[in-house]
Amino acid sequence: MVWGRKGDAMSDAVKDRSRAQEVISLKGTVTTPWWAVTAKWLLLLLALLVGLFAVQRLIEKGSWLGVVIVGAILMAILAVYSTRRAIPLKYLLPGLLLLLGLQIWPVVYTVSTAFTNYGFGHVLTKQQAIDAIVANSVQEVPGTPRYAMSVAVKKGTPPSTGDIHLLLTDPQNGTFFDGSKEGMKKLSPTGVQKTDSGKITTAPGFTLLTPREVNQRKDFGDFAVPTGKGTGIKPVGLSQAFEGRATVSYDAKTDTLTDGNGKQYVPKDAMFVPKNGHGDGFSQGWTENVGFRNFTTILSDPTIRKGFLSIFIWNVAFAAVSVLSTFFLGMLLALLLNDPRLRGKGLYRSLLILPYAIPGFVTALVWASMFNQDYGLINNLTHLNIDWLGNAWAARAAVLITNLWLGFPYMFIVCTGALQAIPSDVKEAALIDGANAFRTLRSITMPLLLVAVGPLLIASFAFNFNNFSLIFLLTSGGPFTAANTQIGGTDLLITYAYRLAISGVNPNYGLAAAVSIIIFFIVAVMSWSGFRRSKALEDIN
Amino acid sequence: MHRRAIGAVALMVPAALAMSACSSGSTGGSSSSSTSSTSSASATTPAATSTTTGAPVRDTTADLVIWADNDRAAVLQKYADAFGKENSVKVVVQVSTDVRKDFSAATQTGNGPDVIVGAHDWLGEFVQNGAVEPINLGADLTAKLLPSAVAATRFNGQTYGVPYAIENIGLIRNTALAPTAPTTLDQLLAEATAAKAKSGGKVTNSLLLQVGKTGNAYFTYPWLKACGGGIFGQKANGDYDPKQVLINSAGSIKGATILQQLGQSKVLSTNVDGTNADSLFAAGKAPFYISGPWSIDAAKKAGIKYAISPLPSLPGCGKMQPFLGIQMFYVSAKAKNKALAEEFVTNYMTRDDVQTAFFTALNRPPALKTAYDKVAATNPDVKAWYEAGVGALPMPNIPAMNSVWGPLGQAGADVISGKSTPKAAFDAAQKDIVAAIAKG
């Protein structure tokens, strides 16, 4: 019941597949209409084509693990659907694949990230980081001209593969040059035509490339005309070039970088830092495995330890009060509107569902402005002067009020549905036995209602436990105090973890993943005990 | 019955949306700098809450792909088309609601654009992630651009983009309430008191400054800088030095003391924030408003006559100095069409008419000197914005700035609300920031 949503998705997928399945006649013999067979094989062919396309792309990218996984999935699809065997699997496979893609894979990815230092400043591989450092160190050689440039190939060679030649014009004296991978040569001015800015438009013996042709040359991005030791002519766009020099060089043997002043940099903690320990390193770091370091950071960080308990208590209280308050309000309204004598039920129900229909983040922002101490609607209407978002307890109340507004329609819908499913004969029986309305509610309606919505309350608890967007949009976890800007009065573990991991100097996804794993265990333990208790309710049935 | 009920709902929903649009619409304007602490953060809220947004998918048939936010994409489209026609290539401009985040994510997977339009304070992060390509502007082009704009595109001695506009905050005043531009804070307060007395209760605030409960470091900085404080010290080459944090320097504390006094005298309040400041000014509730070009539209629509002047000087300190924000074009390090991308940003986006078009749409002074001179001659606003930013330093583009927004903002808010003293609040902020930077 609680997993209804997931079940629906699964059964939809099964239905889709089953259109291409054999129809089993009542007599027990299997007859399959021709169109169903054709459709089945067409769908299989389609799946195969999509898979092969994916494999091709993965091979281009060099992701062999991906190729293996896609191959295995394709073989599984073929094996299950092309034969008459494995009938249960025919129904299960789509669900299993979705489970794999939407549940298992993110979990695997999160867990694997938790053991790395992946985060801003550490997104590259080591080789990419070195390349970026060297490429970013290219500086214009002082005193060199800025050439006007055209891109050409030798006549007779194809524009897409022929050796690139840069036809250059020195702006100071109008000299023409022909630069290629061999180096710079003077170009005879006879027959050369140029624009006012000096860009060559025709040169004998050369075919000039159009912008599109230049753009399509994948080798053009890294092309430079060598002019001496460590220097080269580099194009800027399509019409200019400059003489540059990489001021940083990398020595693979010693794994060190050397800059223009001869200063050496060595790798440390996935970054290049000065060998002598003085000055700044390069900011381009790389991803590497750090083992359990993220977890030990969480356990040993003084700010985390200090804040954890108070945040945890508020977090549990927030989730529990949110669930109970929304449930009681929703149930109350559902009971009221379930009375057969009430007229205009449809209208009331539509209005009550309204808060649910407005996107939650819009509501949160509207409430945030309504809670403003000087200009907000709430203080203006009530003539109070409560600093709703500046005082920790008031802010907690504000958060709970907003969440009540946001959450009661859901409980209302759920309870309305569950109430209508309770057979009226049991209530009549209670009436005949002499129970009053309150007694009927307490002893008949409530237990039956709780059987249906109990698991939903637990799910709602888990959701509110991690209700990031509400807190973030309403209070950003605040109010804070200047003495402690890390832990706010309404912080949940998830907003706290977010601030800790994402909004530091550099977002640290490895640490964030580690924190989310720990939060997962907390929620899992609490939900598990919750489900254990709700099993007791089922005995009523 | 049911149909009528649905009708009622249908009527209510737009009303509710309109209500929310009124209250939250004003925050969207400050595209770059002032919101950078929160914009990157709010983007990471669960996808479920933002079904209408989402990163664009790179158009694979194009020869040049540009990502920009909604406003800038509208301006770019025309020039992108012209560039495409001139070079017989297909240029595509795609709208991204969060360029910074979308670009970072897409570039890592190799599906990013070739060019993006963004703010200069994203640079440090892009460089350390190897996401942007250095661009050699050349002496000629550099000379045509405002030096402060070029300075902002540099990181560790390398240039990474082409600037097209500058933005900074200034003092906006309602000329009906405050006819003369004050040059000192005391003059400002005297004028505001007079305006309040004359209005008979209609004017409720002397000076609007977006603070909010968690504060706003972007608007706190000018007060610190006026008294010789600031955020980071500078290295010899002009780069900001993350090892010199000036948050609790004597100058910063002095500036914070002025904030404390203004908070005590109810001039500044933590109840004024990004969601209501624009509308308060547009409603004629305050004679003065410290904000940027993005805050003008609401006042314009409301028919408020306004003028812009440089920020005043503070008693016992110097002139308040805002941060400069530079808007620029970046070329992706993973650009599939690097040659066209570089050509587009260096030779096309630095044209007079392009930079003028950006000004017309976005109200920011152009970074190209000739374009600036042209628009400044006809538009008093742009001249005033520019002059309010003269002598100002670009906002730090080093990644360490990420850890400043929260603590410094809170310190400012607590001093204004009276929850803390300048010394205690700014010492605590300093400690937090230094610790965060050390952690890396």
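Residues numbered from 1 in each chain as written. Chains lettered and ligands numbered in written order. Predicted model: local features only at pLDDT ≥ 70, side-chain atom pairs only at ≥ 80, totals over all residues. Heavy atoms only, no water.

Caption draft 1: Representation of the overall build of chain A in the model. When you go through chain A residue by residue, the secondary structure sums to 17 helices and 17 strands. What you see for chain A is a C-alpha radius of gyration of 34 Å, clearly larger than the 24 Å of a compact globule of 541 residues, by over 25%. Taking the principal axes of its C-alpha atoms as reference, chain A extends roughly 115 × 75 × 50 Å. When the 541 residues of chain A are sorted by exposure, 42% land in the buried category. Summarising the internal contacts of chain A: among those between residues at least 6 apart in sequence, 59% fall at separations of at least 24. Surface exposure of chain A reaches about 28,900 Å², of which carbon and sulfur atoms provide 65%. Chain A carries 46 positive and 32 negative side-chain charges, and their two centres are separated by 5 Å. (Helix = DSSP H or I, 4+ residues; strand = E, 2+ residues; numbered from the N terminus. Rg over C-alpha atoms; globule rule 2.2 N^0.38 Å. Buried < 20%, exposed > 50% of the residue type's maximum accessible area, 1.4 Å probe, protein only. Contact = heavy atoms within 4.5 Å. Areas by Shrake-Rupley, 256 points an atom, 1.4 Å probe, with all protein chains shown as cover. Lys, Arg positive; Asp, Glu negative; His and termini not counted. Charge placed at Lys NZ, Arg CZ, Asp CG, Glu CD.)

Caption draft 2: Molecular detail of the sheet that holds strand β11 (residues 288–291) of chain B. Residues and elements named next belong to chain B. The 4 strands lie next to each other as β8-β11-β7-β12, forming an open sheet whose pairing is mixed. Of all the strands in the sheet, just β8 (207–209) and β12 (306–309) have a single pairing partner and so form its edges. Taking each pair of neighbouring strands and ignoring which way they run, the sheet shows an average axis angle of 25°. Relative to β11, strand β7 (residues 170–174) runs antiparallel, the two sharing 4 bridges. (Pairing = 2+ DSSP bridges. Axes fitted to C-alpha atoms, helices over the stretch in contact; angles between N-to-C directions.)

Caption draft 3: Structural detail: the domain arrangement of chain B. Residue and element names in this part refer to chain B. What the domain assignment reports for chain B is domain 1 (15–27 + 34–168 + 324–394) and domain 2 (170–320 + 398–439). Taken together, the contacts link 24 residues of domain 1 with 27 residues of domain 2. Roughly 2,200 Å² is buried in total at the junction of domain 1 and domain 2, and carbon and sulfur atoms are behind 55% of that figure. Inspection of the region where domain 1 meets domain 2 yields 3 residue pairs in polar contact (both at pLDDT 80 or more). Taken together, the elements giving at least two residues each to the side of domain 1 that touches domain 2 come down to α2 (36–42), α5 (123–128), α16 (380–388) and β14 (393–394). (Domains from an automatic or database assignment. Buried area = accessible area lost by both parts, 1.4 Å probe. Polar contact = N/O pair within 3.5 Å; in protein donor to acceptor, adjacent residues only side chain to side chain.)

Caption draft 4: Spotlight on the domain arrangement of chain A. By the assigned domains, chain A splits into domain 1 (37–115), domain 2 (126–274) and domain 3 (300–540). Using C-alpha coordinates to define each centre, domain 1 of chain A is positioned 45 Å away from domain 2 of chain A.

Caption draft 5: Broad picture of the environment of Pro315(B). All names here are of chain B. By the element assignment, Pro315 lies in the loop between β12 and β13 (323–331). The spacing of Pro315 and Ile258 is 57 residues in sequence and 8.4 Å in space, taken between C-alpha atoms. For Pro315, the residues in contact, after removing those within four places along its chain, are Leu185, Asp186 and Ile258.

Caption draft 6: Just the pairing of strand β7 (residues 183–186) of chain A, in detail. All names here are of chain A. Alignment of strand β6 (residues 176–180) against β7, held across 4 bridges, turns out to be antiparallel. The residue bridging Gly179 from the neighbouring strand is Met184, located in β7. What sits between β6 and β7 in their antiparallel hairpin is a turn of 2 residues.

Caption draft 7: Broad picture of unusual backbone geometry. We note that His383(A) has phi near 55°; this positive angle belongs to a residue other than glycine. Mapped onto the secondary structure, His383(A) falls in the loop between α11 (377–382) and α12 (392–421). Of the residues examined, His383(A) reaches a relative accessible area of 71% and is grouped as exposed. Unlike most non-glycine residues, Asn156(B) shows phi in positive territory, near 50°. In this structure, Asn156(B) sits in the loop between β4 (154–155) and β5 (158–159).

Caption draft 8: Summary view of the packing of aromatic side chains. Inspection of the entire model under this criterion finds 37 aromatic pairs over all chains. For the ring pair Phe115(A) and Phe292(A), a centre distance of 5.1 Å and an interplane angle of 90° mean the geometry is edge-to-face. Here Phe115(A) is found in the loop between α4 (87–114) and α5 (126–136), whereas its partner Phe292(A) is found in the loop between β17 (271–274) and α7 (293–300), with 177 residues between them in sequence. Residue classification places Phe115(A) among the partly exposed positions, given a relative accessible area of 24%. Between Phe461(A) and Phe465(A) the ring centres are 6.0 Å apart and the planes differ by 40°, which places this aromatic pair in the tilted class. With Phe461(A) and Phe465(A) both in helix α14 (residues 437–465) and 4 residues apart, the pair spans about one turn of that helix. With respect to burial, Phe461(A) and Phe465(A) carry one shared label: buried. By the ring-pair criterion, three or more aromatic residues cluster together here, those being Tyr218(B), Phe219(B), Tyr221(B), Trp294(B) and Phe323(B). Above the ring of Trp314(A), the side-chain terminus of Arg396(A) is found at 5.6 Å from the ring centroid. The ring of Tyr348(B) has Arg351(B) lying over it, and the distance from NZ or CZ to the ring centre is 4.2 Å. (Phe/Tyr/Trp six-rings, centres within 6.5 Å; stacked < 30°, edge-to-face > 60°. Lys NZ or Arg CZ within 6 Å of the ring centre and 35° of its normal.)

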